[in-house]
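Coordinate analysis (summary)
Chain by chain, the residues run as shown.
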There are 2 protein chains.
Amino acid sequence: MSLKLYELVGTDPSRPFSPYCWRTRMALAHKGLSAESLPWRFTEKSALAPHGSEKVPVLLHDDKPIVDSWTIATYLEDHFPDRPSLFGGEGGRAMARMINAFGDIAIVGGIFPLIVADIPNNLAEIDAAYFRTSREARFGGKSLEAVMASRDTGVVGFRKSLEVMRQTVKKQPYIGGEAPNYADYIVFGGFQWARVVSPFKLLEADDPIYAWRDKLLDAFDGMARKSPGHQV
Amino acid sequence: MSLKLYELVGTDPSRPFSPYCWRTRMALAHKGLSAESLPWRFTEKSALAPHGSEKVPVLLHDDKPIVDSWTIATYLEDHFPDRPSLFGGEGGRAMARMINAFGDIAIVGGIFPLIVADIPNNLAEIDAAYFRTSREARFGGKSLEAVMASRDTGVVGFRKSLEVMRQTVKKQPYIGGEAPNYADYIVFGGFQWARVVSPFKLLEADDPIYAWRDKLLDAFDGMARKSPGHQV
């Protein structure tokens, strides 16, 4: 059996940073699976085209492509049922959909303006140019630096927006319960993305989410913490 | 076996309106259980005191009190395991904790300022006075009418804050998956609360959450829709 994972990197191929690829990385580790990393950069669209995707993560399972982090998670759950469950049953699989939306909107969407101008520092010139042009268009032509200029006040609103999650990890160790599962990896992917590309401090040290993140940095023999990144 | 449920009502004892009691009502119906309703009003603290609570819902199972909607849900799941599951497994039970926080913060907390001055209309004088005094204190002394004055703009922000849920029910029929479970009842309780006490229109008819709410109004032979309330 062979598993290969296309992961977004910049100048350093050993420094994957996509929040969605980190969801998959953690999911693979949870299942006790290892995948060969295929470093991929923003402008290498042609490498993914044969697999029917424009974006990462793309997982190749014996050369069959599985595209999109959510689809990969459910694929792993269905194809490796004897390994630790990512969802803890059908109810968890359904509810993780909502946590996936929380991860996309509140976490990735919330963090993006706080770190966006730091991202090109991690990219080769051609990828930095692509990133800047495509992302500035999304912000209505505003420069990445202008978007990020208000991050010291923006981060206060971001922290506040995490209250639903904060109340959860005050009451139980992980979103997934006593042990982490895919619900946690969804959210953690966003924090790990930020940690890899930006020195900006997202969480206060006394925030219960800070302690939760620390535990996930240590998970799987410190896999995420060992991956190059900034101090958080 | 006997089940009795203390439920918050106002002048009409057949019109329970607490969002938390509606979570429990729906959970009982899901389990195929019926409980005798014990109507309870805000100022009847002495009726609950012997059961160790100041708030509803309180469920009496053969006279043993179970206090708090979340505790009741897990109690029902554990004590009636052969009936349809409220969580769909341990993963769902854990993740529902986060959806419970979403229900408390985004739904109940988000709806409250939009309907707050309508609530006393449903209450007898003594309860209305208690409600006004205690809730105005929470709003720093602002009158309920002043809190609600901006609801036409406030509701726009409320609808926006539901995006995480909207994305979910666009992708699957219920938060709980193909069929509703406790994750749905958590959120629905808030909408049913609003429907019972206020004519204010919370959702646009083309919102996927509107269609989701409609299905839950129809669930269990239209239990929630048959309960007296406003047109929504």
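Residues numbered from 1 in each chain as written. Chains lettered and ligands numbered in written order. Predicted model: local features only at pLDDT ≥ 70, side-chain atom pairs only at ≥ 80, totals over all residues. Heavy atoms only, no water.

- In the nomenclature of an unreviewed UniProt entry, chain A is known as Glutathione S-transferase family protein of Bradyrhizobium frederickii.

Here's the deal with the relation of the copies chain A and chain B
- Each copy superposes on the other: chain A lies on chain B with an RMSD of 0.0 Å after a rotation of 180 degrees and an axial shift of 0.0 Å. Read as a symmetry element, the transformation amounts to a two-fold axis. Across chain A, the smallest distance between a C-alpha and the rotation axis is recorded for G92 of chain A, namely 1.9 Å.
- A share of 100% of interface residues in chain A that are also interface residues in chain B marks the association as one of identical surfaces. (Least-squares fit on C-alpha atoms with pLDDT ≥ 70 in both. Contact = heavy atoms within 4.5 Å.)

Observations regarding the pairing of strand β3 (residues 58–61) of chain B
All names here are of chain B.
- Burial along β3 is two-sided: V58 and L60 facing one way and L59 and H61 facing the other are all buried.
- Two elements, strand β1 (residues 3–8) and β3, share 4 bridges in a ladder whose sense is antiparallel. Residue pairing for β3: K4 is matched across the bridge by L60.
- Pairing geometry for β3 and strand β4 (residues 64–67), over 4 bridges, is antiparallel. Across the sheet, the residue bridging to L59 is I66, located in β4. (Buried < 20%, exposed > 50% of the residue type's maximum accessible area, 1.4 Å probe, protein only. Helix = DSSP H or I, 4+ residues; strand = E, 2+ residues; numbered from the N terminus. Pairing = 2+ DSSP bridges.)

What to know about helix α7 (residues 151–161) of chain B
Residue and element names in this part refer to chain B.
- R151, V155, F158 and R159 are the residues of α7 that are buried. In a view along the axis of α7, the buried residues occupy a sector of 95 degrees, so they form one face of it. Across from the buried face of α7, at angles greater than 90 degrees, the exposed residues are T153, V156 and K160.
- For α7, the elements touching its buried residues are α4 (90–115), α6 (144–148), α8 (163–171) and α9 (182–197). (Arc of directions from axis to C-beta.)

Concerning the packing of aromatic side chains
- Applying the stated rule across the entire model yields 26 aromatic pairs over all chains.
- Judged by centre distance (5.6 Å) and plane angle (50 degrees), the rings of W70 of chain A and F87 of chain A are tilted. With a gap of 17 residues between them, W70 of chain A in helix α3 (residues 69–79) and F87 of chain A in the loop between α3 and α4 (90–115) connect regions that are remote in the sequence.
- When the centroid spacing of 6.3 Å and the interplanar angle of 55 degrees are considered together, the rings of W70 of chain B and Y182 of chain B count as tilted. (Phe/Tyr/Trp six-rings, centres within 6.5 Å; stacked < 30°, edge-to-face > 60°.)

Observations regarding the sheet that holds strand β4 (residues 64–67) of chain A
Residues and elements named next belong to chain A.
- If you trace the 4 strands from one edge of the open sheet to the other, you get β2-β1-β3-β4, paired in mixed fashion. A single partner strand is all that each edge strand has here, and the edge strands are β2 (36–40) and β4. Strand-to-strand twist of the sheet, defined as the mean angle between neighbouring strand axes without regard to direction, takes the value 25 degrees.
- Sheet topology places strand β1 (residues 3–8) next to β2; 5 bridges connect them, and they run parallel. Across the sheet, residue Y6 finds its bridge partner in β2, namely L38. (Axes fitted to C-alpha atoms, helices over the stretch in contact; angles between N-to-C directions.)

Section: the domain arrangement of chain A
Residue and element names in this part refer to chain A.
- Each assigned domain of chain A is listed with its residue range as follows: domain 1 (3–79) and domain 2 (90–225).
- A separation of 19 Å is found between the C-alpha centroids of domain 1 and domain 2.
- The partner domain 2 presents 32 residues to the 25 residues of domain 1 that form the contact.
- The largest per-residue losses of area from domain 1 upon contact with domain 2 belong to R23, M26 and W70, which jointly make up 31% of the total buried on that side.
- Applying the counting criterion to the domain 1 and domain 2 interface returns 2 salt bridges.
- Its salt-bridge partner being R23, residue D104 comes within 2.8 Å of it at the nearest N-O pair.
- Linking domain 1 to domain 2 there are 10 residue pairs in polar contact (both at pLDDT 80 or more).
- Counting residues per element, the ones that place at least two in the side of domain 1 that touches domain 2 are α1 (19–30) and α3.
- No other element matches α1, which puts 9 residues into the side of domain 1 that touches domain 2.
- Tallied by class, the residues present in the side of domain 1 that touches domain 2 amount to 11 nonpolar, 7 polar and 7 charged. (Domains from an automatic or database assignment. Buried area = accessible area lost by both parts, 1.4 Å probe. Salt bridge = Lys/Arg side-chain N within 4 Å of Asp/Glu carboxyl O. Polar contact = N/O pair within 3.5 Å; in protein donor to acceptor, adjacent residues only side chain to side chain. Nonpolar A, V, L, I, M, F, W, Y, C, P; charged D, E, K, R; others polar.)

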